[in-house]
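Remarks on the overall topology
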Amino acid sequence: MLLPREQPCRDIPWKILPRKQSWGCALLPMILVWETMKLELPNSVKKAFEMLDNSGFCGYLVGGSVRDCLLEKTPLDFDMTSDATPAEIKACFSNYRVIETGIRHGTVTVIIDGHSIEITTHRREGNYSDKRHPDEVMFTKNLDEDLARRDFTMNALAYHPQKGFVDLFGGIEDIQEKRIRCVGDPRERMNEDALRILRALRFASVLGFALEEETQKAVNEACEQLKEISAERIAAEMVKLLCGKNVKRVLLEETTVLGAVIPELLPAKDFDQKNPHHCYDILTHTAVALENLPPTPHLRWTMLFHDLGKPATYSRDALGIGHFNGHSRQSESLAKHRLNALKLDKESIAKICKLIKYHDTVVEPSKKSVKRWLNRLSESLFRDLLEIKRADVLAQSLEYRFRLDGLAELENILSEVIAENECFSLKDLAINGNDLIAMGIADGPEIGRLLKHLLENVMDDEVENAKEVLIEKIKEIKQC
Ligand code: ATP
Ligand code: MG
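Residues numbered from 1 in each chain as written. Chains lettered and ligands numbered in written order. Predicted model: local features only at pLDDT ≥ 70, side-chain atom pairs only at ≥ 80, totals over all residues. Heavy atoms only, no water.

**A short note on the pairing of strand S5 (residues 97-102)**
Side-chain positions along a regular strand alternate between the two faces of the sheet. The cut-off we apply is this: Should DSSP find at least two bridges between two strands, the strands are taken to pair. Numbering of helices and strands starts at the N terminus; helices are DSSP runs of H or I of at least 4 residues and strands are runs of E of at least 2.
Pairing between S5 and strand S6 (residues 107-112): four bridges, direction antiparallel. Looking across to S6, one finds that Val-98 is bridged to Val-110. From the end of S5 to the start of S6, which pair antiparallel, there are four residues, and Gly-106 there has a positive phi angle of about 90 degrees.

Below, the structure is given as structure tokens:
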């Protein structure tokens, strides 16, 4: 992603020159290299720069795309900021498809060679009386003002292929130091828009960065204000946070802050399970298990909640061993309530709740049992259940790792059942409702009952899944 600049760039504005006095000597050479790097950009983005330049305007790449390029990660999207007004941007790209994405806020999307590039007029913002949105947004010709309204120094970098980087707040140094630091006064910035609290934690999880001390203090102080942020925005940040490679550390170190959006986490912290299966308290177990899963949102949500019902179901036997009877149901109910409140889509909630419900149920390693599970869950959800069980075991006491063998055996049986095209759902049955009606059985609930009965017989290998055999079986049942 990064190419060394072929020639020294003479027109780098003064403001991107390193703030030498604040840097340790060891860091300096590296930062200078970064500052004089040339980013390798897609042709569509290069074209957008050219078009703006040719019309007498100036555009800069800004925000996440600059940060990600410096981290040698492929940016999700390329956002630009420009001194052109939305009307001027539209005129400048009149030969291209332009979508008025948020014209009131100065954003238009330009489609170049099939790629969307968001171009937003430099903006400055008024007060934030609702703790989320600025009361007014004003266009400005001044890039500095636009950068100053951004959340973190690493997100307040701008880049132009000829002019180089604009780094007013030490963002490059912070990226190098893996540090999340607010632009300006952290308390003010968190109070303006509480979503930034969760964004800070999300970046910590995704990038593996740490919060700078004052930013951390501001996050802690302002966390109750997260309650004023819309459910959808919280859910969107939480998903990214949960799927981050450093979710364990964030979950354990920022429990109180996260508790402002998911209060069910709080009783799990430091909850000693007093059970030989467990070497961790409930929250640490959850955090370790989360990192043993692929970064798939519904799996991560499942793991976050899978044991949160434990504190409410805790009991100790005569030997002092802790038990959590019915915790899966309790966790399922907590998840259902919270995820509905966070307005997750119904399909995901249903999947997550099923996985939580069965996460602790023993699956017998036999073909019959696997077919019944496939019938109950579908193939993909059963695979998810095995994935959850595997990650769960990996976060338990070492003595119980032998359970991984059982899970591997289940995987093998599953592969066989699928490879052999075994029947485990009504659609796989060699007979259907119309066949039964043709046999003279009245259309109605009895059809469903009979088909279900046949399917169970087939799954248990009591009857062959062949049409003639099933018809005979129906006749037999009807005679009884
Ligand atoms: P991602 O990789 O998730 O897209 P991003 O940093 O690009 O991360 P976006 O939500 O796409 O995040 O926002 C683009 C840019 O807008 C950010 O980099 C930042 O400069 C600015 N920004 C976004 N949200 C805020 C906010 N709540 N407060 C201040 N600036 C923000
Ligand atoms: Mg982005």
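**Thoughts on the environment of Val-458**
We count it as follows: For each residue, the accessible area found with a 1.4 Å probe, counting protein chains only, is set against the maximum for its type, and the residue is called buried under 20%, exposed over 50%, and partly exposed in between. The criterion used for residue contact is that any of the two residues' heavy atoms lie within 4.5 Å.
Take Val-458: it is sitting in helix H22 (residues 445-459). For Val-458, a relative accessible area of 6% translates into the label buried. Between the alpha carbons of Val-458 and Cys-423 there is a distance of 7.2 Å; along the sequence they are 35 residues apart. For Val-458, the contacting residues outside a window of four places in its chain are Lys-371, Cys-423, Leu-429, Val-463, Glu-464, Asn-465 and Leu-470.

**Overview of the site of ligand 1**
The cut-off we apply is this: In this text, near means that some heavy atom of the residue lies within 4 Å of the molecule or strand in question. Polar contact is the term for a pair of N or O atoms within 3.5 Å; when the atoms are in protein, one must be able to donate a hydrogen and the other to accept it, and sequence-neighboring residues count only if both atoms are side-chain atoms. Domain borders in the structure are assigned automatically or taken from a domain database.
Near ligand 1 there are 15 residues, and of these Arg-67, Asn-155, Asp-193, Arg-196 and Arg-202 occur at the shortest range. Interatomic distance of 2.8 Å between a side-chain N/O atom of Asp-193 and a nitrogen atom of ligand 1. Contact distances for ligand 1 include 2.7 Å between a nitrogen atom and a side-chain N or O atom of Arg-196. Those elements that place two or more of their residues in the shell around ligand 1 are helix H3 (64-70) and helix H8 (195-207). The element that contributes the greatest number of residues to the shell around ligand 1 is H8, accounting for four residues. Split by domain, the residues of the shell around ligand 1 number at least three in each of domain 1 (32-177) and domain 2 (187-261).

**Let's talk about the sheet that holds strand S10 (residues 158-160)**
Basically, it comes down to this: For every element, the axis is a line fit to its C-alpha atoms; helices are fit only across the contacting stretch, and the angle between N-to-C directions ranges from 0 to 180 degrees.
The seven strands lie next to each other as S5-S6-S7-S4-S3-S10-S11, forming an open sheet whose pairing is mixed. Each having just a single partner strand, S5 and strand S11 (164-166) make up the two edges of the open sheet. Across the sheet, the mean angle from the axis of one strand to that of its neighbour is 35 degrees, orientation sign disregarded. Sitting on the sheet, helix H2 (residues 43-54) is in contact with strand S3 (59-62), strand S4 (78-82), S6, strand S7 (115-121) and S10, with an inclination near 145 degrees to S3.

**Regarding the state of the cysteines**
What counts, and what does not: Any two cysteine sulfur atoms lying within 2.5 Å of each other are counted as a disulfide.
Applying the stated criterion across every chain, the model contains zero disulfides. The closest cysteine sulfur to the non-disulfide-bonded Cys-92 is located on Cys-58, 12 Å from its own sulfur. Residue Cys-92 is classed as buried on the basis of its relative accessible area, which comes to 11%. Cysteine Cys-182 remains unbridged, with the sulfur of Cys-223 as its closest cysteine sulfur at 14 Å.

**Thoughts on helix H10 (residues 231-242)**
Rules: For a helix, the expected span equals 1.5 Å multiplied by the residue count minus one.
End to end, H10 covers 16 Å across twelve residues, agreeing with the expected 16 Å (1.5 Å per residue, within 8%). Where H10 is buried, its residues touch H8, helix H11 (247-253), helix H12 (255-259), helix H13 (282-291), helix H14 (297-305) and helix H16 (327-341).

**A few points about the UniProt feature "domain: Poly A polymerase head" (unreviewed entry) in the protein chain**
Under the convention used in this document: UniProt positions are given in the numbering used here, feature names are shortened, and annotations may be inferred rather than shown by experiment.
As annotated by UniProt and renumbered to match this structure, "domain: Poly A polymerase head" (unreviewed entry) occupies residues 60-181. Secondary structure across residues 60-181 comprises 21% helix and 34% strand; the distance between its end C-alpha atoms is 22 Å.

**Remarks on the domain arrangement of the protein chain**
Cut-off, in case you're wondering: Computed with a 1.4 Å rolling probe, the buried area is the accessible surface lost when two parts are put together, summed over both parts. Salt bridges are defined by distance alone: a side-chain nitrogen of Lys or Arg within 4 Å of a carboxyl oxygen of Asp or Glu. For this classification, Asp, Glu, Lys and Arg are treated as charged, while Ala, Val, Leu, Ile, Met, Phe, Trp, Tyr, Cys and Pro are nonpolar and the rest, including Gly, are polar.
Parsing the protein chain into structural domains produces domain 1 (32-177), domain 2 (187-261), domain 3 (264-413) and domain 4 (426-479). The C-alpha centroid of domain 4 is placed 36 Å from the C-alpha centroid of domain 3. Contacts between the two partners involve four residues from domain 3, matched on the other side by six residues from domain 4. Overall, the association of domain 3 and domain 4 removes approximately 530 Å² of surface from exposure, summing both partners, and the carbon and sulfur fraction of that is 45%. Area buried by domain 3 at its contact with domain 4 is led by Lys-368, Lys-371 and Arg-372, which between them contribute 82% of it. Viewed at the interface, domain 4 and domain 3 are joined by two salt bridges. A salt bridge links Arg-372 to Asp-460; the shortest N-O distance between them is 2.8 Å. At the boundary of domain 3 with domain 4, the tally comes to three residue pairs in polar contact (both at pLDDT 80 or more). In the side of domain 3 that touches domain 4, the residues fall into no nonpolar, one polar and three charged.

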